[in-house]
Amino acid sequence: MMFKATLAALLLIASPALADELRGTGDLGLIVEREAGSLLVVDRSERAAIGRIEGLGDLSHASLVYSPDERFAYVFGRDGGLTKVDILTRQVVRRVVQAGNSIGGAISDDGRLVAVANYEPGGVKVFDAETLELVADVPMGSKTVGIADAPGSRFVVATWDTGEVWILDHSTDAAQPAVTKLEGIGANPYDALLTGDGRHYIVGLFGEKGLTQVDLWQDPPKVTRFLPDYGKDQPDLPVYKMPHLQGWTLADGVFALPAVGLHQLLWVDADGLAEIARTDLAGQPVFALARPDKREVWVNFAPPDNDKLQVVDVLSHEVIDTLAPGKGVLHMEFAPRGREVWLSVRDENRVEIRDTRTREVLGEIEARAPSGIFFTDRAHRTGL
């Protein structure tokens, strides 16, 4: 009895210290430090950096996804590296260089598979999320872009060279996915987006005007070309940075789409895919992100206007605010319920945090050439 009492007393004494080290994952996020090849681990409530994970290779165009429990992140580097990191211990769990050049990836809805879209040698490789062992290698004879997870252990990806969309269904056999190949998507797809309900996969085209939608709810999936004439009568401007289609927005039944080569935001009815309005902007848009309540769309820009942000009203389609956070605003990430927005100001080596309603600056975090910001709530959203 004396031993049990002593042990209980020791545990009681130790518990507060242990509790100080405990931390939930729901408030955390990762910020890519591109040139340094590192990730900054941040706590949203504290508005502070709590650690750094290093040794991730070339992160110049890096993206990442989270495991369903939000503890692990899978980072897709430009050097073909796939790295699994633990955001609680702030360590690299495993890293494999699986290709010569990769552009993004996705995690299956059950959290078991991680897929990587590759430029070199092309195609898609699929890995076990626990071990990072190769599960499937799917050659496609093309660079691949715009990969997204779809419900039912599926991945959807577009091919740059051949103008196709491939749907890989791993639900029956992870190592031998059933493949649906859709042709005639358009010339040189450069990126794509999947809506949060997993239905509409929208492909942006670089080689011609217009966009293409694939309706994944139809059997077989239905391909629809739309906006074939947008910008047809306007001179193309030099494209300094392509829009990121995962930064497109569906709000109030309308898509807000950054126009390629134009200083405009396009508004497209989601049902009929007809253009309903345009918004003139301060520069070439890159990301057009809706605040989580969908009331506003926030837009950042390619050089030389990448020191600005503009806020656009969803109902009126008018610019209601122009902000100047600093040089090189590369990325935005909203807190899950939209109260704050975090901004990467790359050229000033900092992340700026603003209240989304007052636009007031709430805080700053030092970071080494920050680019992408990824909060852990992404673990529970389709298409990210």
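Scope of this entry: the structure provided in the associated data block. Once a new chain begins, its residue numbering starts again from 1 and follows that chain's sequence as written. With the structure being a predicted model, the display of local features is reserved for residues of pLDDT at least 70 and the display and counting of side-chain atom pairs for 80 or more, all residues being used for whole-chain, interface and lining totals. Here the side-chain values reflect all heavy atoms present in the structure, with hydrogen atoms and water set aside.

**Here's the deal with the sheet that holds strand E30 (residues 350-355)**
This is how the line gets drawn: By this definition, two strands are paired if DSSP reports at least two bridges between them. By the criteria applied, helices consist of DSSP H or I runs no shorter than four residues and strands consist of E runs no shorter than two, each listed in order from the N terminus. Axis definition: a line fitted to C-alpha atoms, over the contacting stretch in the case of helices. Angles run 0 to 180 degrees between N-to-C directions.
Taken together, the four strands give an open sheet; going across it, the order is E28-E29-E30-E31, and neighbouring strands pair in antiparallel fashion. The open sheet has two free edges, formed respectively by strand E28 (329-334) and strand E31 (361-366), since each of these has just one partner strand. On average, each strand axis in the sheet is tilted by 20° relative to the strand beside it, whichever way the strands run. Where E28 lies against strand E29 (residues 340-345), five bridges are found, and the strand directions are antiparallel. Among the inter-strand pairings, His331 is bridged to a residue of E29, identified as Ser344.

**Some thoughts on the nonpolar core**
Under the convention used in this document: Remark: nonpolar core denotes a set of buried residues (Ala, Val, Leu, Ile, Met, Phe, Trp, Tyr, Cys) joined through side-chain atoms within 4.5 Å. Think of it in three bands: residues with accessible area under 20% of the maximum for their type are buried, residues over 50% are exposed, and the middle band is partly exposed, with areas taken using a 1.4 Å probe on protein chains only. The contact rule is simple, with two residues in contact once any of their heavy atoms fall within 4.5 Å.
Leu30, Leu39, Leu56, Leu59, Leu64, Tyr66 and Val85 are the most contacted members of the largest nonpolar core, which totals 17 residues. For this core, the secondary-structure elements that each account for two or more residues are strand E1 (28-33), strand E2 (38-43), strand E3 (48-53), strand E4 (63-66) and strand E5 (72-76). Per-element tally for this core: the top contributor is E1, with three residues. Leu59 has contacts with Val32, Glu33, Arg34, Gly37, Ser38, Leu39, Val75 and Gly77, leaving out every residue within four places of it along the chain.

**Looking at the sheet that holds strand E22 (residues 264-269)**
Across the sheet, four strands lie side by side as E20-E21-E22-E23; this open sheet has antiparallel pairing. In this open sheet, the two edge strands, each paired with only one partner strand, are strand E20 (249-251) and strand E23 (275-280). Averaged over neighbouring strand pairs, the angle between their axes works out to 25° when direction is ignored. Bridge analysis of E20 against strand E21 (residues 254-258) gives three bridges, and the strand direction is antiparallel. In the sheet register, Leu250 faces E21, and the bridge partner there is Phe255.

**Description of the side chain of Ser102**
Operational definition: Polar contact is the term for a pair of N or O atoms within 3.5 Å; when the atoms are in protein, one must be able to donate a hydrogen and the other to accept it, and sequence-neighboring residues count only if both atoms are side-chain atoms.
Tracing the backbone shows Ser102 in strand E8 (residues 101-107). Relative accessible area serves as the criterion here: at 1%, Ser102 is assigned to the buried category. A polar contact is formed between the side chain of Ser102 and the backbone oxygen of Gly77, at a distance of 2.7 Å. Filtering out sequence-adjacent residues up to four positions away, Ser102 remains in contact with Gly77, Arg78, Gly80, Gly81, Val116, Ala117, Asn118 and Tyr119.

**Quick look at the pattern of salt bridges**
Selection rule: The term salt bridge refers to a side-chain nitrogen of Lys or Arg lying within 4 Å of a carboxyl oxygen of Asp or Glu.
Scanning the entire structure with this criterion turns up 30 salt bridges. Taking the shortest distance from any N to any O, the salt bridge between Asp79 and Arg95 comes out at 3.0 Å. Here the residue Asp79 occupies a position in the loop between E5 and strand E6 (81-86), and Arg95 occupies one in strand E7 (residues 91-97), the gap between them amounting to 16 residues. Accessibility expressed as a relative area gives 22% for Asp79, which makes it partly exposed. On the basis of relative accessibility, which here comes to 28%, the residue Arg95 falls in the partly exposed class. Here Arg278 and Glu275 are joined by a salt bridge, their closest N and O atoms 2.6 Å apart. In this structure Arg278 comes out as partly exposed when scored by relative accessible area, which is 30%.

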